[in-house]
Structures are given as C-alpha cells and as structure tokens.
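Here are the chains, one letter per residue:
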Amino acid sequence: MVIAALSCCAVASFVSIAGRGWASGAASVLVLAAILAWRRLGPPAVPLSVIVGLGVALRIGWIVAFPTEVELDFASYHRFATQLAAGEHGPLLYAKLLLQEVGYPLVLSGAYVLAGADAGVGRGLNVLFAAWLIVVVYRVLVPAGEKAALSGALMIAVWPSHVALSSVLASENLFLPLVWSGVGAALQASRREQVMGGALLGAAHAVRPPAALLLGLLVVGSALRRRWSSAVVMAVAAVLAFASYLGVRRATGDPFPRGAFGYSVLMGSNVGSVGTWNVADHTWFLTRRTEAGVSAANSEAVALAATRLAESPAAVPALVARKVGLQWGDGAVGVDFALRRLERPGADLERWRGPAMALADVAALVIWLFALHAVVVGNVLRQHPLAWLAGAALTLAWLSHLVLEANPRYAMPWFVGVIVLAALRRNAPLTKTP
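Residues numbered from 1 in each chain as written. Predicted model: local features only at pLDDT ≥ 70, side-chain atom pairs only at ≥ 80, totals over all residues. Heavy atoms only, no water.

## Considerations on the overall build of the protein
Then, number 1: A tally of helices and strands in the protein yields 21 helices and zero strands.
Then, number 2: When its C-alpha atoms are laid out on the principal axes, the protein stretches across 60 × 55 × 50 Å.
Then, number 3: Relative to its 434 residues, the protein shows a buried fraction of 54%.
Then, number 4: Restricting to contacts in the protein with at least 6 residues of sequence separation, those with at least 24 account for 79%.
Then, number 5: For the protein, the exposed surface amounts to about 18,000 Å²; the carbon and sulfur share of it is 68%.
Then, number 6: Within the protein, the 21 negative side-chain charges are centred at a point lying 12 Å from the centre of the 33 positive side-chain charges. (Helix = DSSP H or I, 4+ residues; strand = E, 2+ residues; numbered from the N terminus. Buried < 20%, exposed > 50% of the residue type's maximum accessible area, 1.4 Å probe, protein only. Contact = heavy atoms within 4.5 Å. Areas by Shrake-Rupley, 256 points an atom, 1.4 Å probe, with all protein chains shown as cover. Lys, Arg positive; Asp, Glu negative; His and termini not counted. Charge placed at Lys NZ, Arg CZ, Asp CG, Glu CD.)

## Some points on the packing of helix α7 (residues 119-141) against helix α8 (residues 146-158)
Then, number 1: Two elements in contact, α7 and α8, have axes whose closest approach is 8 Å; the angle formed by their N-to-C orientations is 155 degrees. Comparing the axis directions of α7 and α8 gives the class roughly antiparallel. For α7 against α8, the interelement crossing comes out right-handed. Here α7 contributes L133, I134, V137, Y138 and L141 to the contact with α8, which in turn contributes E146, A148, A149, L150, G152, A153, I156 and A157. (Axes fitted to C-alpha atoms, helices over the stretch in contact; angles between N-to-C directions. Parallel < 35°, antiparallel > 145°, perpendicular 65-115°, else oblique. Left-handed = near helix turned anticlockwise from the far one by under 90°.)

## Some remarks on the pattern of salt bridges
Side-chain pairs of opposite charge can arise where the charged atoms are in close proximity.
Then, number 1: Inspection of the entire model under this criterion finds eight salt bridges.
Then, number 2: D73 serves as the salt-bridge partner of R409, at 3.8 Å between the closest nitrogen and oxygen. With R409 in the loop between α20 (385-401) and α21 (412-423) and D73 in helix α4 (residues 72-85), this residue pair connects regions lying 336 residues apart in the sequence.
Then, number 3: Residue R409 is classed as buried on the basis of its relative accessible area, which comes to 3%. (Salt bridge = Lys/Arg side-chain N within 4 Å of Asp/Glu carboxyl O.)

## Comments concerning the packing of aromatic side chains
Then, number 1: Evaluated as defined, the whole model comprises nine aromatic pairs.
Then, number 2: Ring geometry for Y77 versus Y104: centroids 5.7 Å apart, planes at 70 degrees, classification edge-to-face. A residue pair is termed long-range when its members are at least 10 positions apart, and Y77 in helix α4 and Y104 in helix α6 (residues 103-115) qualify at 27 residues. Take Y77 and Y104: they sit in the same class, and that class is buried. (Phe/Tyr/Trp six-rings, centres within 6.5 Å; stacked < 30°, edge-to-face > 60°.)

## A word on helix α12 (residues 211-224)
Then, number 1: Its 14 residues give α12 an end-to-end C-alpha distance of 20 Å, which sits within 8% of 20 Å, the value for a rise of 1.5 Å per residue.
Then, number 2: Every buried residue of α12 is listed here: A211, L214, L215, L217, L218, G221 and S222. Along the long axis of α12, the arc covered by the buried residues comes to 160 degrees, so they all point the same way.
Then, number 3: At its buried positions, α12 is contacted by α10 (172-186), α11 (191-207), α13 (228-251), α20 and α21.
Then, number 4: Immediately downstream of α12, the backbone of R226 shows phi near 65 degrees, a positive value. (Expected span 1.5 Å × (residues − 1). Arc of directions from axis to C-beta.)

## A word on the layout of surface pockets
Then, number 1: Volume-wise, the largest pocket comes out at about 1,300 Å³.
Then, number 2: R208, S264, E405, N407 and Y410 are the residues nearest the centre of the largest pocket, which is lined by 46 residues in total.
Then, number 3: Elements with a minimum of two residues in the lining of the largest pocket: α4, α11, α14 (261-268), α15 (279-292), α18 (331-339), α20 and α21.
Then, number 4: Element by element, the count of residues in the lining of the largest pocket is highest for α4, at five residues.
Then, number 5: Of the residues in the lining of the largest pocket, the class split is 27 nonpolar, 10 polar and nine charged. (1 Å grid on protein atoms, 1.4 Å probe; cavity = no way out; pocket = protein on both sides within 12 Å on 5 of 7 lines; lining within 4 Å. Points joined across faces, edges and corners; volume = space filled by probe spheres on them. Nonpolar A, V, L, I, M, F, W, Y, C, P; charged D, E, K, R; others polar.)

## As for the environment of V219
Then, number 1: Tracing the sequence through the fold places V219 in helix α12.
Then, number 2: Residues V219 and V416, 197 residues apart in the sequence, show an inter-C-alpha distance of 20 Å.
Then, number 3: With residues near it in sequence (within four places) discarded, V219 still touches A231, M234 and A235.

## Side note on the packing of helix α1 (residues 2-18) against helix α17 (residues 316-328)
Then, number 1: In contact at an axis separation of 8 Å, α1 and α17 are set at 80 degrees when each is read in the N-to-C sense. Between α1 and α17, the angle falls in the class roughly perpendicular. Of the residues in α17, those in contact with C8, C9, A12 and S13 of α1 are V324, G325 and W328.

## Concerning unusual backbone geometry
Then, number 1: Of note, V274 is a non-glycine position whose phi angle comes to about 45 degrees, a positive value.
Then, number 2: Tracing the chain through its elements places V274 in the loop between α14 and α15.
Then, number 3: For V274, a relative accessible area of 27% translates into the label partly exposed.

## Observations concerning the state of the cysteines
Then, number 1: Tallied over the full model, the rule gives zero disulfides.
Then, number 2: With no disulfide partner, C8 has as its closest neighbouring cysteine sulfur the one in C9, 6.9 Å distant.
Then, number 3: Overall, C9 belongs to the buried group, its relative accessible area being 0%. (Disulfide = S-S within 2.5 Å.)

## Re a nonpolar patch on the surface
Then, number 1: A grouping of M1, L396 and L399 is seen on the molecular surface, where their side chains present a nonpolar patch of about 280 Å² in accessible area.
Then, number 2: Mapped onto the fold, L396 is located in helix α20.
Then, number 3: Look at L396 and you get partly exposed, because its relative accessible area is 37%. (Patch = residues over 30% accessible without salt bridge, like charges linked within 9 Å, V, L, I, M, F, W, Y side chains within 5 Å.)

## What to know about the environment of G90
Then, number 1: Following the sequence through the fold, G90 ends up in the loop between α4 and α5 (91-95).
Then, number 2: Expressed as a C-alpha distance, the spacing of G90 and P408, which sit 318 residues apart in the sequence, is 32 Å.
Then, number 3: Those residues within four positions of G90 in sequence are excluded, and the remaining contacts are T252 and G253.

## Concerning the side chain of T68
Then, number 1: Of note, T68 is situated in the loop between α3 (48-65) and α4.
Then, number 2: On the basis of relative accessible area, T68 is assigned to the buried category, the value being 4%.
Then, number 3: At a separation of 2.6 Å, a polar atom in the side chain of T68 contacts the main-chain carbonyl oxygen of A338. (Polar contact = N/O pair within 3.5 Å; in protein donor to acceptor, adjacent residues only side chain to side chain.)

Here you go:
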C-alpha cells in the first residue's frame with residue numbers, strides 16, 4: 001500500500017505540473033536538475049546552523065516580498081488571538097471558531113500579549129516554528145546517519161510550499177514541528193523521552209486532530225514489538241496533555257465540542273464541487289450543528305454522504321481522481337494560499353502564481369520519487385521503525401483523504417513523512433533506534 005500511495009502521489013504531482021503551462025514547467029526543469037545533482041553528490045558538508053539559516057532567510061524574504069493579507073480561516077485565528085490577548089473570554093469568542101481547533105490561535109494569543117496583536121508577529125512566530133521543524137527533522141533522522149539527517153533538514157529548509165505558508169497564519173506552521181518532535185521523542189528508548197513524545201503529540205492534537213493518527217501508529221507499533229509499557233506511557237501522556245488543553249478552553253469560556261469529521265466527509269462526497277469546500281454543505285452542517293448538536297450533525301452528514309455516493313457511483317472514480325490531484329500535487333498547499341491576496345495594492349499575482357506553484361509541484365514530484373526509490377530499492381521500511389511509521393502514516397492519510405474534503409492543506413503534515421522517507425537513502429545505512 002505504501003508503494004501504491006507514493007505512486008499515486010507522484011502521478012498527481014506530474015499531472016499538476018503538466019497543467020501549469022510550458023513556461024512554468026520549463027522554469028522548473030532547472031530546479032529539478034539542481035535537486036537531482038544534489039541527490040547524486042549528497043548534501044553539502046555544512047553545519048546544520050547554515051541549513052537553518054538558509055531556511056529562515058528564505059522565509060523572511062518571502063514574507064517581505066509577498067505579505068499575505070489575513071483572510072479566511074486565518075482571519076478567524078488572528079481575530080480570536082487578538083481578542084483573547086485583550087482579555088476577552090466566553091462563548092461568543094469561541095463561537096467564531098466552530099469548525100477549527102484552537103491550539104494555534106491560543107499560542108498566537110500568547111505571542112500577541114508579549115509583542116503586540118499584529119499579523120507580523122504571527123508571521124515572525126511562523127519563521128521560528130520553521131527553524132524548529134528543520135532542527136526536528138534533522139534530529140529525527142540522526143539514527144539513520146549524518147547524510148540522511150542533513151538531507152531531510154535541507155529538503156525542509158527549501159520546501160517551496162512551506163516557505164510560502166510562512167506568510168499565512170495557518171495552524172500547520174505549529175502542527176508540523178509539534179507532531180514530528182513528538183514522533184522523534186516517542187521513538188527513543190528513554191522513558192522520559194517517551195513521556196515527552198506522548199505529551200507533544202497530545203499538544204499537536206490540540207492544534208490539528210490528525211495528530212491522533214501518528215499517535216495511534218506509534219502505540220500500535222510499540223505493542224507489536226511487545227513494548228507494552230512504552231505504548232501505555234505514550235497514550236497516557238497524550239491524554240493528559242490534551243486534558244490540559246481542554247482545561248484551558250473551559251477556563252476561558254469555551255463550551256463547544258470540537259470535531260467536524262462529518263463535515264469533511266460531507267464536503268468530500270459532493271460530486272458537483274469535486275469534493276472541495278462549498279457554501280451549501282457548509283451552511284447545512286452549521287445549521288444542523290446549531291439545531292441538533294455536533295454528534296447528530298456528524299452522523300447525519302456521514303449518512304448523507306453515503307447516500308450521495310450510492311446514487312452516483314459512476315461519478316465516484318472521476319471524483320476520487322480529481323481529489324487526489326488537488327490533495328497531493330502540493331502547489332496549492334502553501335503557494336496558492338500565500339498568493340491568493342497580497343497586502344500590497346496592485347501586486348501582479350498571476351506573474352508569480354504559475355511559476356511558484358510549478359516549482360512547488362516539481363519539488364513535490366522529486367520528493368515523491370525519491371521516497372518511492374527508497375522504499376522499492378533501498379528497502380527502508382524493513383530497516384527502521386521511523387521509516388515504517390512515515391510510510392504507514394502516508395498510506396492511512398492518503399486513504400482517508402479519498403473520502404474527506406480535498407483541502408490541499410490537509411496533506412501538508414504527511415508530506416513531512418514523505419520527506420523523511422526520501423531522506424533515508426540507500427547509501428546512508430540505518431541503525432535501529434536504541
């Protein structure tokens with residue numbers, strides 16, 4: 001299944017590149033050649049600090065050149081954090097985030113208290129989170145060798161979609177370093193590290209619920225290796241961390257249950273809107289949630305989605321293919337959101353959108369192919385629990401996204417897993433985590 005998922009993602013990236021036009025594709029060939037040359041020669045013999053500096057410089061440069069206006073979900077996060085930092089509490093404040101987890105805006109509000117309620121503060125925080133992620137991926141890959149660790153860190157540092165998303169107040173900026181810090185700690189032999197790993201994954205779940213997927217895989221993996229105490233420790237630490245988050249919410253006046261699995265399934269089954277966001281389903285779900293509660297709305301949404309798909313089975317293959325392309329091409333993950341609307345009046349968005357999205361798609365395609373090579377030729381899945389975890393997470397995420405809303409941002413956390421797989425090269429021998 002891992003090979004099938006990687007292959008489908010690679011095809012989706014290739015199709016996405018083909019749709020950008022010849023000019024964008026030609027400009028991207030240079031980047032492809034540079035990445036392939038780097039792949040053959042290996043990562044440069046430079047300290048990790050240089051790679052982190054490169055990643056930070058790219059993100060600051062992007063933010064200065066393309067300051068994205070705060071809108072959509074990101075405007076809700078900014079407004080919530082601003083009001084919370086000003087001392088406002090209660091249900092009316094939380095009601096504005098009915099369909100989002102509030103871990104990221106809670107952290108954002110703390111930054112606003114310290115440095116002022118300005119979107120620029122949030123963007124600066126995103127740059128710090130990016131530096132954290134680069135270091136995290138390096139540390140996670142260290143057991144596989146210095147080359148693998150530097151390779152993964154460099155891929156993250158120059159990843160086009162993640163660079164672009166630094167100008168957007170999106171929860172992925174915090175989720176990625178949190179969840180992969182949790183993975184890195186949980187895979188260690190030390191009981192203290194495992195507790196920390198579980199706690200970090202619990203905190204990540206407060207930012208984006210799919211963190212539970214990686215936590216579940218880690219617990220199952222520990223159980224399969226008969227490390228029962230490790231599985232229990234991680235699970236308990238995650239539960240306690242999430243309980244603390246719930247306590248903060250209750251203390252600041254949030255009475256609303258979170259979670260909108262049914263909402264995403266409902267959006268994902270809409271053949272007319274190719275499984276993406278649409279006003280009709282959005283309005284219906286919010287109405288039912290208000291009238292009957294979140295549990296009833298979720299169950300009714302799932303039932304409605306099943307009915308839709310049963311009524312139009314002939315349209316399902318085309319719907320699935322379209323969603324795979326949207327989800328895993330990668331150009332629309334960060335670049336599209338970042339260039340959707342700029343603060344600078346009169347900015348020529350279309351001049352940059354095509355080439356930037358093509359570069360993101362080419363980078364995605366290269367990483368998918370590298371990961372596929374590592375799995376098929378390098379046989380890394382049998383050599384290290386981290387590789388197994390990254391492959392299993394990608395596969396489960398890919399399968400679940402076939403029935404969920406095709407928001408490209410949702411693929412971003414699992415793309416890091418693919419970068420991990422791609423970094424585990426055949427010429428970098430793996431050693432099992434002690």
